[in-house]
Amino acid sequence: MHVEVETNSTVAPHPALDARIDQYNVSPKLAHSGNPDTLALLPERLAAWAAEPRAFFKFVVATRDDLDEVMALQQTYAIPGARLFLMPEGRSSDVIRERSGWLADFCSQHGLRFTDRLHIHLWGDTRGT
């Protein structure tokens with residue numbers, strides 16, 4: 001069995017659980033999310049996650065301006081590009097497709113990974129998918 005845990009990056013894993021986890025999917029919230037960075041981007045937690053080889057970061061990107069924030073976080077915490085995914089924000093396939101073009105190009109140019117929102121393309125913006 002391969003066990004993955006998704007986290008917003010603000011809480012450390014419990015030691016009893018940590019030994020059983022194969023991969024952490026760390027998805028800190030950027031400024032466009034509306035979450036204040038004092039709650040969403042905790043330096044000590046981001047540093048710990050960046051140092052954890054089982055942690056892969058995923059940032060949801062809405063605009064090109066978000067890319068500056070992502071790159072600053074990557075540099076500050078030395079997050080390897082191979083462990084950093086960018087995902088276009090969007091609640092419809094049309095919006096996701098529009099953002100995917102420039103976002104995939106950016107990932108390619110900067111050695112980052114791109115990930116889509118397949119569930120939106122398949123089932124739309126529905127709960128539980």
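The text that follows walks through the structure, step by step, so that each part is easy to find.

## A look at the overall build of the protein chain
Within the protein chain, the secondary structure is distributed over six helices and five strands. Taken from the N to the C terminus, the helices and strands of the protein chain come in the order β-α-β-α-α-β-α-β-α-β-α. By the compact-globule yardstick of 14 Å for 129 residues, the protein chain fits well, its C-alpha radius of gyration being 15 Å. Counting all 129 residues of the protein chain, 38% fall into the buried class. Long-range contacts, defined here as pairs at least 24 residues apart, represent 64% of the contacts in the protein chain between residues at least 6 apart. If you sum the accessible surface of the protein chain, you get close to 7,500 Å²; carbon and sulfur atoms cover 54% of it.

## Comments concerning the pattern of salt bridges
Evaluated as defined, the whole model comprises six salt bridges. When the shortest N-O distance is used, the salt bridge between glutamate 6 and lysine 58 registers 3.2 Å. With glutamate 6 in strand 1 (residues 4–7) and lysine 58 in strand 3 (residues 55–61), the pair connects residues that are 52 residues apart, well separated along the chain. With a closest N to O distance of 2.8 Å, glutamate 52 and arginine 54 form a salt bridge. We classify glutamate 52 as buried; its relative accessible area is 18%.

## Focus: the pairing of strand 2 (residues 23–26)
Alternating positions in strand 2 separate into two faces, Gln23 and Asn25 on one and Tyr24 and Val26 on the other, with burial throughout. Summarising the sheet, strand 2 and strand 3 pair through three bridges and their orientation is parallel. Bridge pairing in strand 3 places valine 26 opposite phenylalanine 57.

## Brief notes about the sheet that holds strand 5 (residues 113–114)
Spatially, five strands are ordered 1-2-3-4-5 in an open sheet, and the strand pairing comes out parallel. Of all strands in the sheet, those bounded by a partner on one side alone are strand 1 and strand 5.

## Some words on helix 4 (residues 65–77)
With 13 residues, helix 4 should reach 18 Å at 1.5 Å per residue; the first-to-last C-alpha distance of 19 Å fits that figure. Those residues of helix 4 that sit buried are Asp66, Leu67, Val70, Leu73, Gln74 and Tyr77. All buried residues of helix 4 lie within an arc of 125 degrees about the axis, which places them on one face of the element. For helix 4, exposure combined with an orientation more than 90 degrees from the buried face picks out Asp65, Asp68, Gln75 and Thr76. Lining the buried residues of helix 4 we find helix 3 (43–51), strand 3, strand 4 (84–88) and helix 5 (93–110). Just beyond helix 4, the residue with positive phi is alanine 78, at close to 50 degrees.

## Here we look at the side chain of arginine 99
By the secondary structure assignment, arginine 99 is in helix 5. Residue classification places arginine 99 among the buried positions, given a relative accessible area of 17%. In contact with arginine 99, other than residues within four places in its own chain, are Val61, Ala62, Pro88, Glu89 and Gly90.

Rules of the game
Residues numbered from 1 in each chain as written. Predicted model: local features only at pLDDT ≥ 70, side-chain atom pairs only at ≥ 80, totals over all residues. Heavy atoms only, no water. Helix = DSSP H or I, 4+ residues; strand = E, 2+ residues; numbered from the N terminus. Rg over C-alpha atoms; globule rule 2.2 N^0.38 Å. Buried < 20%, exposed > 50% of the residue type's maximum accessible area, 1.4 Å probe, protein only. Contact = heavy atoms within 4.5 Å. Areas by Shrake-Rupley, 256 points an atom, 1.4 Å probe, with all protein chains shown as cover. Salt bridge = Lys/Arg side-chain N within 4 Å of Asp/Glu carboxyl O. Pairing = 2+ DSSP bridges. Expected span 1.5 Å × (residues − 1). Arc of directions from axis to C-beta.

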